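# Understanding the architecture of this molecule
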Amino acid sequence: MTPTRVLIDRSGLDALIATLAAQGYRVLGPTLGRDAIVLGDVAGTDDLPVGWTDEQEAGHYRLRRRDDAALFGYVLGPHSFKRFLYPPRQRLWSVSRGSGPDLEVRAEPHDDRPLAFLGVRPCEIAAMRIQERVLTGGEFPDPSYADRYGRAFVVAVQCTEPGGTCFCASMRTGPRAGTDCDLALTELLGPDRHDLLVEVRTPRGEQIVAGLPAREATDADVATANEALARAEASMGRSLDTEGIVELLERNIESPAWGKVADRCLACANCTSVCPTCFCTTVEDTTDLTGQHAERWRRWDSCFNRDFSFIAGSLIRHSTRSRYRQWMTHKLSAWHRQFGTSGCVGCGRCITWCPVGIDITHEVDSIRNHERSASTFHTVGGRYR
Amino acid sequence: MSNDATNHFVPVAAELLDVIVETPTIRTFVLRPARPLRFRAGQFVQLELPGLGEAPFTPSSSPQEPERIEITVLRTGLVTDALHRLEPGARLGLRGPFGRGYPVRRFPGQDVLVVGGGVGLAPLRSLLHHLFADPQSARRVSIQYGARSPAELCFRRQYDDWARRDRVTFRATIDRPHDDWDGHVGLVTTLLDDLDLDPATTYAVSCGPEVMLKFVAWKLRDIGFPAERIYLSMNRSMSCGMGLCGRCNIGPYYLCKDGPDLCYADIEDIPYALG
């Protein structure tokens, strides 16, 4: 039997990518875009941003050269794997008028090729599980998400060097990968070594690993990986205080903090575009010029867009204040009531990609602080449900 | 249209059998879906005009007639304008049913107060069909309905039939005095001043413009209704119908799957829930 832990080197990773491709998977992973690391097709390790890292802070992202040849020496770019499981634009069905009066509707078929995701960070895995719950856990499962996620092969990379806006440790989604992946890699990079520790998490992962050029991993290798992960856990760029957060936000729906953040917020929707769990969409119908053919498309939308709260003659959220509040209270509070988890995984993308550097971890603190200072005089807020 | 019945994004074809003119701005569309569309009173469907879009409506017909769905529509926007131009024979699409429907399981042994405004009487009519069909479904039914003018009274041809029934009270009002009207004048809330109902054993269900819902809810609270016994039809911001698009999120609810009729006790403290 294949051991559940092996070591591979860069050529082993190339073999892993080739094996997945040979089995029919479309392999997707981090690649070097013009000014950011973006997700794309990966045919081999040459396609990875080898020797690059990303410097991230609130409203700040820069690519930098590393002084080593790390394969995964960066954290997250603006893309999440959401864009493949739940594409930004997706046709839902099309309809044609035949010769008679009847309409012929065709549901969009499922993809031919299953997807394999390489270099998936633990927070991303948590995000996939959250989206799975939201999109397929109810009475009306989204058939396309269920199909894509159900068939996807997930190769995680555990995080040994967290980024400046990362706070997965406080959201309990990282830096270690749980069981919701097929393989979990940890890059072991030192002056005299460059290996990847591969931990097998599923039978299908085991099957793939069995064919790779690999060495047995020693207890010392595993200990090295664990030390690196423990260091990462202790060196997160940020943390979000989740203590009593569901009720905190419900109590503080009229907090002055919302007005303050709204003064800075541009309502640009960057945060929702980069968020790996945001799932709001709208639909558009299109026709061709003959009027004989029409299609229904679904595309990502955002609660920051004014029109998103408009249907049938009324707008529910007029102000930026009400829209920021909708986003954050939904993500950190109502999400728990609806789906039993937080909607935030601590990836930090909304902080990095906010043009004015609004930081969700600071905004939670700000609400706590306002409540604390207000309660000196009187009780604020009302019952929320 | 033949499709996987488990893919609720995809509409089922429906033939437009008849168009009934209710008022100058309201028409009822009688549809025959390609397969029976079983719904509970208060559940809604998405009515699709291929190439134009879809809009959510609660059928106004009886839940016991899933082969013949009536949808009563006020002309108010892109989709509804196009709908009003359709003639029998047109082909449309239907998705659904979605939502929980009215809490009819709570009604047996209780009185039911139905408060409608304008085209808001349409969804309530499916509830009336349900209540009229089975004497055990509720004790008494009190219908209080308001429209802006006599010409805008929806389903006027049926009022006499409703009012004649045992256990049923029907009253209508118009907003302002009019030559063609010798009935009650005033907003629908003025009808609620002298109800012969005990709030402790009555459920109130209301559908109408949002501003009306707000005042109806306040009025009902004033006359002693507990918030737990008031249900408001939030037939408003639904898009996918399945709790997947996020559009109709209010607090911890999605109007489409947790409503569209929400208990007032659940929303009275949510800011902007009622505009």
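Along every chain, residues carry numbers that run from 1 in the direction the sequence is written. Labels are handed out in written order, letters beginning with A for the chains and numbers beginning with 1 for the ligands. Only residues with pLDDT of at least 70 get local features here, since the model is predicted, and only at 80 or more are side-chain atom pairs given and counted; chain-wide, interface and lining totals rely on the full set of residues. Values shown for side chains rest on all heavy atoms present in the structure; no hydrogens or waters enter the calculation.

## Quick notes on the overall build of chain B
For chain B, the helix and strand inventory stands at 6 helices and 15 strands. With respect to the three principal axes, the spread of C-alpha positions in chain B is 50 × 45 × 35 Å. Within chain B, residue pairs in contact and separated by at least 24 positions form 69% of the contacts whose partners lie at least 6 positions apart. Just so you know, the count uses Lys and Arg for positive and Asp and Glu for negative, and it drops His and the chain ends. Think of each charge as sitting on NZ of Lys, CZ of Arg, CG of Asp or CD of Glu. The averaged location of the 33 negative side-chain charges in chain B is 4 Å from the averaged location of its 31 positive side-chain charges. For the purposes of this entry, the term helix denotes a DSSP run of H or I that reaches at least four residues, the term strand denotes a run of E that reaches at least two, and both are numbered from the N terminus. In this description, contact between two residues means that some pair of their heavy atoms is separated by no more than 4.5 Å.

## What to know about the pattern of salt bridges
Salt bridges are defined as contacts in which a side-chain nitrogen from Lys or Arg sits within 4 Å of a carboxyl oxygen from Asp or Glu. Overall, the coordinates contain 49 salt bridges over all chains when judged by the stated rule. A salt bridge links A:R204 to A:D182; the shortest N-O distance between them is 3.1 Å. Here A:R204 is found in helix 6 (residues 203–210), whereas its partner A:D182 is found in the loop between helix 5 (168–171) and strand 10 (183–190), with 22 residues between them in sequence. When its relative accessible area of 30% is taken as the criterion, A:R204 is described as partly exposed. For A:D182, a relative accessible area of 4% puts it in the buried group. The closest approach of N and O atoms between B:R139 and B:D111, which form a salt bridge, is 3.0 Å. With B:R139 in the loop between helix 2 (121–133) and strand 8 (141–147) and B:D111 in strand 7 (residues 111–117), this residue pair connects regions lying 28 residues apart in the sequence. It is possible to trace a salt-bridge network through shared partners that takes in A:D285, A:R296, B:E48, B:E54 and B:R95. Per-residue accessibility, obtained with a 1.4 Å probe over protein chains only, is compared with the maximum for each type, and a residue is labelled buried under 20%, exposed over 50%, and partly exposed between these values.

## Topic: the packing of helix 11 (residues 320–339) of chain A against helix 13 (residues 360–374) of chain A
All names here are of chain A. Contact geometry of helix 11 with helix 13 gives a least axis separation of 12 Å together with a crossing angle of 95°. As judged from the angle between their axes, helix 11 and helix 13 are roughly perpendicular. Listed contacts from helix 13 to Y324, W327, M328 and L332 of helix 11 are I360, E363, V364 and I367. Residues of the contact of helix 11 with helix 13, tallied by class, amount to 7 nonpolar, no polar and 1 charged. Interaxial angles span 0 to 180 degrees and are taken between N-to-C directions of axes, which are lines fitted to C-alpha atoms, for helices over the stretch in contact. Convention used here: angles under 35 degrees read as roughly parallel, angles over 145 as roughly antiparallel, angles from 65 to 115 as roughly perpendicular, and any remaining angle as oblique. When residues are sorted by character, Ala, Val, Leu, Ile, Met, Phe, Trp, Tyr, Cys and Pro go into the nonpolar class, Asp, Glu, Lys and Arg into the charged class, and all the rest, Gly among them, into the polar class.

## Some remarks on the packing of aromatic side chains
The aromatic pairing rule takes the rings of Phe, Tyr and Trp, using the six-membered ring of Trp, and pairs them if the centres are within 6.5 Å, calling planes under 30 degrees apart stacked, those over 60 edge-to-face and the rest tilted. A full pass over the atoms with the stated rule returns 25 aromatic pairs over all chains. For the pair A:F304 and A:W327, a centre-to-centre distance of 5.8 Å together with 50° between the ring planes defines the contact as tilted. Of this pair, A:F304 sits in the loop between strand 14 (293–300) and strand 15 (310–311) while A:W327 sits in helix 11; the two residues are 23 residues apart in sequence, bridging distant segments of the chain. For A:F304, a relative accessible area of 2% gives the class buried. Ring geometry for B:F44 and B:F98: centres 5.8 Å apart, planes at 55°, overall tilted. Note that B:F44 is positioned in strand 3 (residues 44–49) and B:F98 in strand 6 (residues 91–98), a separation of 54 residues in sequence.

## What about the side chain of B:H84?
Residues and elements named next belong to chain B. Here H84 shows up in helix 1 (residues 78–84). With relative accessibility at 7%, the residue H84 sits in the buried group. A 3.5 Å cut-off defines polar contacts: any pair of N or O atoms within that distance qualifies, except that in protein one atom must be a possible hydrogen donor and the other a possible acceptor, and neighbouring residues in sequence count only when both atoms are side-chain atoms. There is a polar contact of 2.9 Å between the side chain of H84 and the backbone oxygen of V73. With near-sequence residues (within four places) excluded, H84 lies in contact with T25, I26, R27, F29, V73, L74 and R75.

## Regarding the domain arrangement of chain A
All names here are of chain A. Examined at the domain level, chain A breaks down into domain 1 (5–234) and domain 2 (245–375). Between the C-alpha centres of domain 1 and domain 2 there is a distance of 26 Å. Each side of the interface is counted separately: domain 1 has 45 residues, and domain 2 has 39 residues. Simply put, the buried area is the total loss of 1.4 Å probe accessible area from both parts when two parts are fitted together. Interface of domain 1 and domain 2: buried area, both sides summed, is about 3,600 Å²; carbon and sulfur atoms make up 58% of it. Across the contact surface, domain 1 and domain 2 share 4 salt bridges. Across the contact surface, domain 1 and domain 2 share 31 residue pairs in polar contact (both at pLDDT 80 or more). Among the secondary structure elements, those contributing two or more residues to the side of domain 1 that touches domain 2 are strand 4 (52–57), strand 5 (60–65), helix 2 (82–85), strand 6 (89–97), helix 3 (122–136) and helix 5. Split by residue class, the side of domain 1 that touches domain 2 holds 21 nonpolar, 14 polar and 10 charged. Residue ranges assigned to the domains are those given by an automatic or database domain assignment.

## Considerations on the environment of A:T160
Considering the arrangement of structural elements, one finds A:T160 in the loop between strand 9 (153–157) and helix 5. In this structure A:T160 touches A:T186, A:E187, A:A228, A:L229 and A:A232, once residues within four positions along its chain are discounted.

## A closer look at the interface of chain B and chain A
With 43 residues of chain B in contact, the opposing surface of chain A contributes 49 residues. Of the roughly 3,900 Å² buried between chain B and chain A on both sides combined, carbon and sulfur atoms contribute 55%. Its largest share of buried area at the contact with chain A, chain B owes to B:F9, B:L244 and B:R247, together 19% of the area lost on that side. Run the count over chain B and chain A and you get 3 salt bridges. A salt bridge links B:E48 to A:R296; the nearest nitrogen and oxygen atoms lie 2.3 Å apart. The interface formed by chain B and chain A includes 13 residue pairs in polar contact (both at pLDDT 80 or more). The set of elements that each furnish at least two residues to the side of chain B that touches chain A consists of strand 3, strand 4 (53–57), strand 6 and strand 14 (253–254) of chain B. Element by element, the count of residues in the side of chain B that touches chain A is highest for strand 6 of chain B, at 5 residues.

## Some words on the domain arrangement of chain B
All names here are of chain B. We note that the domain assignment places domain 1 (12–98) and domain 2 (104–233) within chain B. Taken over C-alpha atoms, the centre of domain 1 sits 23 Å from the centre of domain 2. Between domain 1 and domain 2, the residue contacts involve 20 residues of the former and 15 residues of the latter. Considering only the surface of domain 1 that becomes buried against domain 2, E22, A41 and S60 emerge as the three largest contributors, covering 33% of it. For the pair domain 1 and domain 2, the interface holds 2 salt bridges. One salt bridge connects E70 with R125, and the closest N-O pair in it is separated by 2.7 Å. Along the contact surface separating domain 1 from domain 2 lie 4 residue pairs in polar contact (both at pLDDT 80 or more). For the side of domain 1 that touches domain 2, the secondary-structure elements that each account for two or more residues are strand 2 (26–33) and strand 5 (69–74). Ranked by residues supplied to the side of domain 1 that touches domain 2, first place goes to strand 5 with 4 residues. A per-class count over the side of domain 1 that touches domain 2 returns 9 nonpolar, 9 polar and 2 charged.

## So, the sheet that holds strand 3 of chain B
Residue and element names in this part refer to chain B. As summarised here, the arrangement of the 6 strands in space is 4-3-6-1-2-5, forming an open sheet in which the pairing is antiparallel. This sheet does not close on itself; its edge strands, each paired only once, are strand 4 and strand 5. Ignoring strand direction, the axes of neighbouring strands in this sheet form an average angle of 40°. Here the rule is simple: two strands pair whenever DSSP picks up at least two bridges between them.

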